[in-house]
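Summary of structural features
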Number of protein chains: 2
Amino acid sequence: MSTHPDPAGLAAELRAGLPERALVTDPDVAASYAHDMAGLCPAGRPAAVVLPDTVEQVQHVMRVATRLRVPVVPQGARTGLSGGASAVDGCILLSLVRMNRILEIDPVDRVAVVEPGVVNADLSKAAGEFGLVYPPDPSSWETCTIGGNIGTGAGGLCCVKYGVTAEYVLGLDVVLPDGELLRTGRRTAKGVAGYDLTRLFVGAEGTLGVVVRATLALRPTPPPALVVVAQFASTTAVGRAVAAITAAGHVPSLMELMDATTVRAVNDLANMGLPERTEALLLVAVDTPDPRPELAAIAELCTEAGAFEVLAADDADDSAMFLTARRLALPALERLGSSMIDDVAVPRSRLADMLDGVARIAERHDTVIGVCAHAGDGNTHPIVIFDAADTAATERAGAAFDAIMALGLELGGTITGEHGVGTLKRDWLARELGPVGVRVHRAVKAAFDPLGIMNPGKVVAAEG
Amino acid sequence: MSTHPDPAGLAAELRAGLPERALVTDPDVAASYAHDMAGLCPAGRPAAVVLPDTVEQVQHVMRVATRLRVPVVPQGARTGLSGGASAVDGCILLSLVRMNRILEIDPVDRVAVVEPGVVNADLSKAAGEFGLVYPPDPSSWETCTIGGNIGTGAGGLCCVKYGVTAEYVLGLDVVLPDGELLRTGRRTAKGVAGYDLTRLFVGAEGTLGVVVRATLALRPTPPPALVVVAQFASTTAVGRAVAAITAAGHVPSLMELMDATTVRAVNDLANMGLPERTEALLLVAVDTPDPRPELAAIAELCTEAGAFEVLAADDADDSAMFLTARRLALPALERLGSSMIDDVAVPRSRLADMLDGVARIAERHDTVIGVCAHAGDGNTHPIVIFDAADTAATERAGAAFDAIMALGLELGGTITGEHGVGTLKRDWLARELGPVGVRVHRAVKAAFDPLGIMNPGKVVAAEG
């Protein structure tokens, strides 16, 4: 698709509309931008990195790219886990990290207007000064950018009650592949004026255009949450607990599950004294103004479902301590070897089936797999551990990773709940969508990007 | 675009794949399906009405339509207010009202799977038996269909807390213009697998395909709400109250506003004894488990903002009585003449400016305009009253209706918060979107419907 013009020619064209510091052409420096955090996804060699300061500079880059048929890969903080921000050969890496201004926070309209390079935590802090919160809280929230969150449709722990990134994006400014500026959506709480182009860009991983400004909805900061922790001797019992809590109409602000492998890894790391017979640990938080009655009811449901130990926090300190185990889960598992984090969501009712199936997959492929899950959403993160120096073990890990996605689809789920498709799951997306879905995806892609220069090969493969 | 084949030929082709009762070709009977409730929007003459029972029959209709290049207009209960479901000349009216089965309600996954012809109230009732609720509640909820709600992106009173239709649609089965069946979205709580095609169909008014099945999210039924009613002697004061309630972090389950014209009309109809000096009446409901403290705080904010009378309900009966005024608003205004309901949403902070501006428009165009508003969303419904037998008055009313949209755009709002575009607001949509937005809309439309047979002329005009 790309004609890959000579790099000097490309650099000259780019330089014509950019300040000196916005352009990186040194191959080694450029290569340092080539990967996001999807360790095993191969990345290409970029022709240049551009770090624009303004919308006009982004438009210039896209006009050059269109004229020269050069692929463009938009990037935020490159904390993504699916290869969506990784370079393709000969591309311009368009890093939006310098466009990091919070342009406005309005407490009456409850909106923030931000540039794409704003770090999630910086927005949270700024909103907090108005008693407001921007809820989506991916694990990487202290470093990841809002633009990246929008590109991947990021989730997080609190999404079980407050929803994912998509639900907070009201409107976008997007530079299209030809350099035109498209304004989508609105600043109002409601609006149905035309097709929902805003949502189309959320999760599109920069394959349709470059988000250069976002109008985001904020919420009032909820009261501090209290946490109950419950330990189960079987996955069936924990699945029963999650189902019972949901069916009883509770709306926890967090409902996290850790499987036996994860619990043991955390125990080994932090000496937490969790009993050997724990097959699953469930953490449930409630952040209503008076959480204790609801917390007690949830604790009771856990006991009824078969939990052998249930502890309800008395205060915020207890709650924070209980959550330590969850915070240590990933570091504890990553100590055991190289890791690949999967991201398969299943209907809540199939959570126990998913846990059991993953345990069988681990056994069948002779691989360690620890599972953390946003249980309230049915969004599991099986973490496949392997020795990257051992080719056979790496292959088994890859096979296990794929088997987990197959299991998710079989259980009526999806191959990605919140991490996105990138290159890592592109072939699996085609399997989830089916031929009609793939055809429609390609038609939509072509409607925005007829030349195929916008982050090519991500989400959907080019035709043929 | 359409070649308008002879009606007998079209009927024969349709009949080949439909049961006898599914096809209506009698011109008078067919004509009775030609309009939705956008009284002043002209409708064309349909060639036939089809009332399918199955997805396969819908696919057959679309294949015939594609082969013969005949336009197809999908319809639900035709309660829409923008002409989106009105006939175009020579079209097949595809009424989905017989596909009205609730296929599944799952209290653990909190989803319902329904056919498009299910009436909103029937779903609410069925969900209620599981302690669940399908929140979107347009005024027509007792007759309108879920398919129509999806087509228009319908809202309602409770959206201020619980969101609009779009937020409850997890996945769709859609018959594309060529008769292929597309499955979008998911059954899981979260998912980011590919482009958000689900959202693209919500609010697309049947211009991209025919929704034949929907997977919807449900919520636990909230506790009964208590209502506070406040009367203000100026729009400035009520605007201040709405802003203060929002800025203080309250999340009411309803926040409805009626202007002086509406209050007087309701008074005249129901003898409610509301004082003459009321320039605005605000109703605010809270449905938390213990609503009284929050209700008292909201009442206090209303007083501080300048309300001259504030009453907080003691119980559900009081609350219902307070809401009577709101329920009578539309009937009370409609007694005064023919009416056109506008649907302009503005940022919450501009609500008072919107009310004042509408009052000026009413004066300038010598027309009665009563405003009801979902104040918490900034979604106003100025209702323009006129004598349809008086040509000059009708013209003045039309000019006022347009001026209201212009004012909404000027205040940073949108021409439609929840009623949709149809034909009524098509030219205004182009104004809101701008040339780049219109171009992208046309490209998206063409990606799904290259022949332009899918509800042509709605939302966006054909090119050229």
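Numbers given to residues run from 1 along each chain, matching the order in which its sequence is written. A letter from A marks each chain and a number from 1 marks each ligand, given out in the order of writing. Since the coordinates come from a predicted model, pLDDT governs what is reported: local features require at least 70, and pairs of side-chain atoms require 80 or more to be given and counted, while whole-chain, interface and lining totals use all residues. Each side-chain value is derived from all of the structure's non-hydrogen atoms; neither hydrogens nor water enter the calculation.

Attention now goes to the overall build of chain A. Helix and strand assignments follow DSSP, with helices taken as H or I runs no shorter than four residues and strands as E runs no shorter than two, numbered in order from the N terminus. A tally of regular secondary structure across chain A gives 14 helices and 19 strands. Radius of gyration here is computed from C-alpha atoms only, and the compact-globule reference equals 2.2 Å multiplied by the residue count raised to the power 0.38. In terms of overall size, chain A behaves like a compact globule, its C-alpha atoms giving a radius of gyration of 23 Å where 464 residues would be expected to give roughly 23 Å. The principal-axis extent of the C-alpha atoms belonging to chain A is close to 70 × 60 × 40 Å. Residues counted as buried form 59% of the 464 residues belonging to chain A. Classification of residues uses two cut-offs on accessible area relative to the type maximum, computed with a 1.4 Å probe and protein chains only: under 20% is buried, over 50% is exposed, and between them is partly exposed.

Residue and element names in this part refer to chain B. By the criterion of burial, strand E18 (residues 368–374) is predominantly enclosed, with six of the seven residues buried. Strand pairing is defined by DSSP finding a minimum of two bridges between the two strands. Bridging between strand E13 (residues 254–259) and E18 involves three bridges; their strand directions are antiparallel. Residue pairing for E18: leucine 257 is matched across the bridge by alanine 373. Looking at chain direction, E18 and strand E19 (residues 379–386) are connected through seven bridges and run antiparallel. Of the residues in E19, the one forming a bridge with valine 368 is isoleucine 385. Hairpin connection from E18 to E19: four residues lie between these consecutive antiparallel strands, with glycine 378 at a positive phi of about 70°.

On to the domain arrangement of chain A, then. Start and end points for every domain follow an automatic or database-based domain assignment. Taken domain by domain, chain A consists of domain 1 (7–97), domain 2 (102–220) and domain 3 (226–410). The straight-line distance from the C-alpha centre of domain 1 of chain A to that of domain 3 of chain A is 38 Å.

Here the focus is the sheet that holds strand E2 (residues 48–50) of chain A. Residue and element names in this part refer to chain A. Taken together, the four strands give an open sheet; going across it, the order is E1-E2-E4-E3, and neighbouring strands pair in mixed fashion. Two strands in the sheet have a free side with no partner beyond their single neighbour: strand E1 (23–24) and strand E3 (72–75). As paired strands, E2 and strand E4 (residues 92–95) are joined by three bridges and run parallel to one another. The partner of alanine 48 across the bridge, within E4, is isoleucine 92. Contacts were defined at the residue level, with two residues in contact if any of their heavy atoms lie within 4.5 Å. Every angle, taken between N-to-C directions, lies between 0 and 180 degrees, and every axis is a line fitted to C-alpha atoms, over only the stretch in contact when it is a helix. The strands touched by helix H3 (residues 55–68) are E2, E3 and E4; relative to E4, the strand with the most contacts, the crossing angle is about 165°.

This brings us to the pairing of E3(A). All names here are of chain A. Where burial is concerned, the two faces of E3 agree: the one with Val72 and Pro74 and the one with Val73 and Gln75 are both buried. Strand direction decides the pairing type here: E3 and E4, joined by four bridges, are parallel. Directly across from valine 72, in E4, lies its bridge partner isoleucine 92.

A few words on helix H8 (residues 235–247) of chain A. All names here are of chain A. Taking 1.5 Å per residue, 13 residues should reach 18 Å; H8 reaches 18 Å between its end C-alpha atoms and fits that length. Listing the buried residues of H8 in full gives Thr235, Ala237, Val238, Gly239, Ala241, Val242, Ala243, Ile245 and Thr246. If you follow the buried residues of H8, they end up packed against strand E12 (226–232), strand E13 (254–259), strand E14 (280–286), helix H10 (292–305) and helix H12 (351–364). A positive phi of about 90° marks glycine 249, the residue just after H8. An expected span of 1.5 Å times one less than the residue number is assigned to each helix.

This paragraph deals with the packing of aromatic side chains. Note on aromatic pairs: the rings of Phe, Tyr and Trp (six-membered ring only in Trp) are paired at centre separations within 6.5 Å, and the planes decide the class, stacked below 30 degrees, edge-to-face beyond 60, tilted for the rest. Tallied over the entire structure, the rule returns four aromatic pairs over all chains. Judged by centre distance (6.1 Å) and plane angle (75°), the ring pair of Tyr134(A) and Tyr168(A) falls under edge-to-face. With Tyr134(A) in the loop between strand E7 (132–133) and helix H5 (146–152) and Tyr168(A) in the loop between helix H6 (159–162) and strand E8 (169–175), this pair connects stretches of sequence that are 34 residues apart. Relative to Phe448(B), the ring of Phe201(B) lies with its centre 5.4 Å away and its plane at 80°, an arrangement referred to as edge-to-face. Linking Phe201(B) in helix H7 (residues 197–201) with Phe448(B) in helix H14 (residues 426–448), this pair joins segments that are 247 residues apart in sequence. A relative accessible area of 6% means that Phe448(B) is categorised as buried. By the criterion adopted, a ring carries a charge over it if an Arg CZ or a Lys NZ lies within 6 Å of its centre and within 35 degrees of its normal. The aromatic ring of Phe308(A) is capped on one face by Arg277(A), whose charged end is 3.8 Å from the ring centroid.

Feature annotation in UniProt assigns "domain: FAD-binding PCMH-type" (unreviewed entry) to the following positions: residues 42–221 of chain A. As a span, residues 42–221 of chain A carries 22% helix and 24% strand, and end to end its C-alpha atoms are 41 Å apart. UniProt positions are given in the numbering used here, feature names are shortened, and annotations may be inferred rather than shown by experiment.

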